[in-house]
Amino acid sequence: MQIQKEHTREQILQAAEQAFHQQGFAKTSMRDIARLSGVGVGNLYNYFPKGKDEIFRLIVSPLIQDMERMVYEHHDERHAERYLDYLSNGNPELLEYQMREYLSLMRRHRRLMELLFFRAQGSSLENFMDEFTDRCTEQVVRFMKRAAELRPDITPTCSPFTYHLHTVWMFTMFCEIIKHRLPPREAERVVQDYITFEYSGWRELIRR
């Protein structure tokens with residue numbers, strides 16, 4: 001019985017993802033999801049009592065979790081010294097690591113990115129990019145404060161809004177790759193160029 005419930009739940013999520021891709025969150029109804037999944041509307045609420053917003057959040061949750069993890073790992077205060085050493089000495093290991101992280105995110109979650117960035121209007125996640133940018137800015141400010149304690153000789157004196165713009169740029173890159181439907185190989189090259197450009201910029205800033 002439990003296996004059947006899990007199968008039905010997965011069936012609903014797959015149907016909902018299809019509907020959200022086709023119509024966007026705002027124009028998709030629970031009836032649309034019921035029709036595509038073959039599950040009655042009333043029964044949908046047995047699985048997802050909070051309705052389509054709960055369904056949407058569950059669908060995109062793997063992407064959000066990976067983005068949150070990536071940002072906090074990249075700007076963990078415990079890693080500030082390693083990051084500053086890279087910026088000072090040009091150690092390629094950190095650069096390669098972050099390239100792999102971005103590319104892996106794109107490979108695993110490109111369809112979910114399309115949902116979250118372009119199809120979320122009307123959901124509780126429609127302002128996700130703005131809210132994420134604010135949280136990321138706060139994290140980077142804390143990170144740089146720790147960096148200043150460790151290496152005052154090379155710490156940048158950037159405006160917090162510079163960190164804000166950097167996160168906006170990251171989202172812009174992802175959105176443009178998706179919007180222009182870049183093939184995987186070209187998308188990988190763009191991500192690699194972005195990371196390389198990013199680190200060259202930060203290395204220049206810390207030397208001011």
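As a reminder, the structure under discussion sits directly above these lines.
Worth saying up front: this structure is predicted, and the values here are computed from it rather than measured.

Reading the values: the criteria
- Residues numbered from 1 in each chain as written.
- Predicted model: local features only at pLDDT ≥ 70, side-chain atom pairs only at ≥ 80, totals over all residues.
- Heavy atoms only, no water.
- Helix = DSSP H or I, 4+ residues; strand = E, 2+ residues; numbered from the N terminus.
- Buried < 20%, exposed > 50% of the residue type's maximum accessible area, 1.4 Å probe, protein only.
- Contact = heavy atoms within 4.5 Å.
- Areas by Shrake-Rupley, 256 points an atom, 1.4 Å probe, with all protein chains shown as cover.
- Patch = residues over 30% accessible without salt bridge, like charges linked within 9 Å, V, L, I, M, F, W, Y side chains within 5 Å.
- Salt bridge = Lys/Arg side-chain N within 4 Å of Asp/Glu carboxyl O.
- Lys, Arg positive; Asp, Glu negative; His and termini not counted.
- Charge placed at Lys NZ, Arg CZ, Asp CG, Glu CD.
- Expected span 1.5 Å × (residues − 1).
- Polar contact = N/O pair within 3.5 Å; in protein donor to acceptor, adjacent residues only side chain to side chain.
- Phe/Tyr/Trp six-rings, centres within 6.5 Å; stacked < 30°, edge-to-face > 60°.
- Lys NZ or Arg CZ within 6 Å of the ring centre and 35° of its normal.
- Core = buried A, V, L, I, M, F, W, Y, C linked by side-chain atoms within 4.5 Å.
- Axes fitted to C-alpha atoms, helices over the stretch in contact; angles between N-to-C directions.
- Parallel < 35°, antiparallel > 145°, perpendicular 65-115°, else oblique.
- Nonpolar A, V, L, I, M, F, W, Y, C, P; charged D, E, K, R; others polar.
- 1 Å grid on protein atoms, 1.4 Å probe; cavity = no way out; pocket = protein on both sides within 12 Å on 5 of 7 lines; lining within 4 Å.
- Points joined across faces, edges and corners; volume = space filled by probe spheres on them.

Undergrad: An account of the overall build of the chain is requested, with residue identities and associated values reported.
TA: Helix and strand content of the chain: nine helices and zero strands. The helix and strand sequence of the chain, counted from the amino end, reads α-α-α-α-α-α-α-α-α. Looking at the chain as a whole, 45% of its 208 residues qualify as buried. Put simply, 78% of the contacts in the chain that link residues at least 6 apart link residues at least 24 apart. As presented, the chain carries roughly 11,700 Å² of accessible surface, and 50% of it is formed by carbon and sulfur atoms.

Undergrad: Run through a negative patch on the surface, naming residues and quoting values.
TA: On the surface, Asp 130, Glu 131, Asp 134 and Glu 138 cluster together into a patch of negative charge. Looking at the element boundaries, Asp 130 is found in helix H7 (residues 128-150). Classification of Asp 130 by relative accessible area gives exposed; the value is 54%.

Undergrad: Describe helix H8 (residues 160-179), and please don't skip the residues or the numbers.
TA: Relative to the 28 Å expected for 20 residues at 1.5 Å per residue, H8 spans 29 Å between its end C-alpha atoms, a close match to the ideal helical length. All of the buried residues in H8 are Tyr 163, His 166, Thr 167, Met 170, Phe 171, Met 173, Phe 174, Cys 175, Ile 177 and Ile 178. Turning to H8, the residues buried within the fold contact helix H4 (52-74), helix H6 (92-118), H7 and helix H9 (184-205). Of the residues flanking the start of H8, the one acting as N-cap is Ser 159, its side-chain oxygen 3.0 Å from the backbone nitrogen of Phe 161. Within two residues after H8, Arg 181 carries a phi angle of roughly 50°, on the positive side.

Undergrad: Requested: an account of the packing of aromatic side chains, with residues and values cited.
TA: Considering all chains together, one arrives at 11 aromatic pairs under this definition. Each ring, one from Tyr 102 and one from Phe 174, has its centre 6.0 Å from the other, and the planes form 25°; the classification is stacked. Of the two residues, Tyr 102 is situated in helix H6 and Phe 174 in helix H8; the sequence distance between them amounts to 72 residues. Where Phe 117 meets Phe 171, the ring centres are 5.5 Å apart and the plane angle is 85°; that geometry is what we call edge-to-face. Of this pair, Phe 117 sits in helix H6 while Phe 171 sits in helix H8; the two residues are 54 residues apart in sequence, bridging distant segments of the chain. Looking at Phe 117, the relative accessible area reads 9%, which means it is buried. The rings of Tyr 102, Trp 169, Phe 174, Tyr 194 and Phe 197 are connected pair by pair, giving a single aromatic cluster. When the ring centre of Phe 25 is taken as reference, the NZ or CZ atom of Lys 52 above it lies at 4.4 Å.

Undergrad: Describe in detail the pattern of salt bridges, supporting the description with residues and values.
TA: Here the structure, examined in full by the defined rule, presents nine salt bridges. With a shortest N-O distance of 3.9 Å, Arg 111 and Glu 17 are connected by a salt bridge. One end of the pair, Arg 111, is in helix H6; the other, Glu 17, is in helix H1 (residues 2-23), and 94 residues separate them in sequence.

Undergrad: Would you mind going over the nonpolar core in detail, with residue names and values included?
TA: The biggest cluster of nonpolar side chains holds 59 residues, and the ones touching the most others in it are Phe 20, Ile 55, Ile 59, Met 67, Tyr 102, Phe 117 and Phe 174. Secondary-structure elements contributing two or more residues to this core are H1, helix H2 (30-37), H4, helix H5 (80-89), H6, H7, H8 and H9. Not counting the four nearest positions on each side in its chain, Tyr 102 is found in contact with Met 70, His 74, Met 170, Met 173, Phe 174, Val 191, Tyr 194 and Ile 195.

Undergrad: Before we move on, could you go through the packing of H8 against H9 and cite the residues and values that matter?
TA: Relative orientation of the contacting elements H8 and H9 amounts to 170°, with a least axis distance of 10 Å. Relative to H9, the element H8 is oriented roughly antiparallel. Contact residues: Thr 162, Tyr 163, His 166, Trp 169, Met 170, Met 173 and Ile 177 in H8; Ala 187, Val 190, Val 191, Tyr 194, Phe 197, Glu 198 and Trp 202 in H9. Split into classes, the residues belonging to the contact of H8 with H9 amount to 11 nonpolar, two polar and one charged.

Undergrad: Hey, could you go over empty space enclosed by the protein for me, with residue numbers and the actual values?
TA: Scanning the model with the defined rule gives one cavity of 30 Å³ or more in all. Of the pockets and cavities examined, the largest cavity occupies roughly 210 Å³. Considering the residues around the largest cavity, the lining is formed by 19 residues, among which His 75, Tyr 102, Val 140, His 166 and Glu 198 are closest to the centre. Contributions of two or more residues to the lining of the largest cavity are made by H4, H6, H7, H8 and H9. Tallied by class, the residues present in the lining of the largest cavity amount to 13 nonpolar, five polar and one charged.

As far as function goes, none of this settles anything; it's purely spatial.
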